[in-house]
Amino acid sequence: MTETHRPIRMPAMYLPHGGGPSFFMTGERKQRYQDTENFLRSVRSTLPATPKAILLVTAHWETAVPSFTGGQAPELIYDYYGFPPETYALQYPAPGLPKLATQAAHLLQQAGYPAQVDAQYGWDHGVFIPLKVMFPEADVPVVAMSLHHSLDPALHCQLGQALQALRDDGVLVLGSGMSFHNLRHFSEGGPASQAFHHWLDVALDGNWAHRTQHLSHWAQAPGGRASHPREEHLIPLMVASGAGSDARAKKMWSGMVGPTHLAGWMFE
């Protein structure tokens, strides 16, 4: 009788995806994000095994109904502007996984949330840029998930909770955003980002209910709105936290882009 081995449980993570295609440029722009790139390159070595698949929640896709990419080979969406021509030739040929997209949508529906699979939508730079750094061999299947256009933090914590079971199937849940995203004030965002990251450390240092309660009120946090005039780059954190257990979050990395603080967290 053949012994059946269950997949190893994967964590959920919230990671910075950088500034456009900066990781794949040269000069000052690349240097500015070098520490972030180094962190992303180290992520695979922190995992308990190679993931069966990756479900990535991207800050750059908002829909009226939570959606999952269902193509076998989604096209890349070069949704950044004013960068060198070679950055529009980047490729990331990882396979899609329609079966996972259908499974994830079904889990949301079972929990009472509308959800759908979009077989035509591609992967924006919040998907392929960090994955090209983290998994350069493109050897792990990927499904991207949209944000609900309400950007409701409590809702996204609940969506993450509904997807938690995927982790037991060897699926790595990634929230791809930026813990500071005020482009107009990036070069002088130090004080606001420092205050907000201190608050985030406290907010994430607790069980699921503690995290959800705090994250639901992020806009009242010190430095919150100054760090996120619009919160689409923060909301993937809510999904990652929601997909986590009652264990406290683990801070994986804290770094700087100029004077501005960024960080990434893991949820077991």
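Before reading on, note that the structure itself is shown above.
Treat the numbers as computed from the prediction; the structure is a model and nothing was measured.

Peer 1: So what exactly am I meant to see when it comes to helix α4 (residues 125-134) here?
Peer 2: What sets the pattern is the α-helix's 3.6 residues per turn: residues three or four places apart point alike. Of all the 10 residues making up α4, nine are buried; the element is thus mostly covered by neighbouring parts of the structure. Residues of α4 that are buried include every one of His-125, Gly-126, Val-127, Phe-128, Ile-129, Pro-130, Leu-131, Val-133 and Met-134, and no others. Where α4 is buried, its residues meet β1 (12-16), α2 (34-42), β2 (53-63), β5 (142-148) and β6 (171-177). Between the side-chain oxygen at the start of α4 and the backbone nitrogen of Gly-126 there is a gap of 2.7 Å, and the oxygen is on Asp-124.

Peer 1: Would you mind showing me how to read the packing of α2 against α4 here?
Peer 2: Working note: a packed helix pair is described by the angle between its axes plus the distance between those axes. Taken N-terminus to C-terminus, the directions of α2 and α4 make an angle of 65°; their axes are 7 Å apart at the nearest point. The angle between the axes of α2 and α4 places the two elements in the roughly perpendicular class. Counted together, Glu-37, Leu-40 and Arg-41 of α2 and Pro-130, Val-133 and Met-134 of α4 form the full contact between these two elements.

Peer 1: Would you take a moment to explain the packing of helix α5 (residues 153-162) against helix α7 (residues 208-215) for this structure?
Peer 2: Two elements in contact, α5 and α7, have axes whose closest approach is 8 Å; the angle formed by their N-to-C orientations is 150°. Comparing their axes, α7 and α5 come out roughly antiparallel. Crossing of α5 against α7: the hand is right-handed. Facing α5, whose interface residues are Pro-153, Cys-157, Gln-158 and Gln-161, α7 presents Trp-208, Thr-212 and Leu-215. Across the contact of α5 with α7, the residue classes tally to four nonpolar, three polar and no charged.

Peer 1: Would you take a moment to explain unusual backbone geometry for this structure?
Peer 2: Peptide bonds are trans in most cases, and residues, glycine excluded, mostly fall at negative phi. Phi at Ala-138 takes a positive value of approximately 55°, unusual for a residue other than glycine. When you line up the elements, Ala-138 lands in the loop between α4 and β5. Phi at Leu-151 is positive, roughly 55°, even though this residue is not glycine. When you line up the elements, Leu-151 lands in the loop between β5 and α5.

Peer 1: Can you help me understand the pairing of β1 in this one?
Peer 2: One face of the sheet, then the other: side chains in a regular strand alternate in exactly this way. Counting buried residues in β1 gives five out of five residues, a clear majority hidden from the surface. By the alternation rule, side chains of β1 split into Ala-12, Tyr-14 and Pro-16 and Met-13 and Leu-15, which are all buried. Alignment of β1 against β6, held across five bridges, turns out to be parallel. Bridging across to β6, Ala-12 finds its partner in Val-173. Bridge count between β1 and strand β8 (residues 260-267): three bridges; the pairing is antiparallel. Within β8, the position partnered with Met-13 by the bridge is Met-266.

How each quantity is defined
Residues numbered from 1 in each chain as written. Predicted model: local features only at pLDDT ≥ 70, side-chain atom pairs only at ≥ 80, totals over all residues. Heavy atoms only, no water. Buried < 20%, exposed > 50% of the residue type's maximum accessible area, 1.4 Å probe, protein only. Helix = DSSP H or I, 4+ residues; strand = E, 2+ residues; numbered from the N terminus. Contact = heavy atoms within 4.5 Å. Polar contact = N/O pair within 3.5 Å; in protein donor to acceptor, adjacent residues only side chain to side chain. Axes fitted to C-alpha atoms, helices over the stretch in contact; angles between N-to-C directions. Parallel < 35°, antiparallel > 145°, perpendicular 65-115°, else oblique. Left-handed = near helix turned anticlockwise from the far one by under 90°. Nonpolar A, V, L, I, M, F, W, Y, C, P; charged D, E, K, R; others polar. Pairing = 2+ DSSP bridges.

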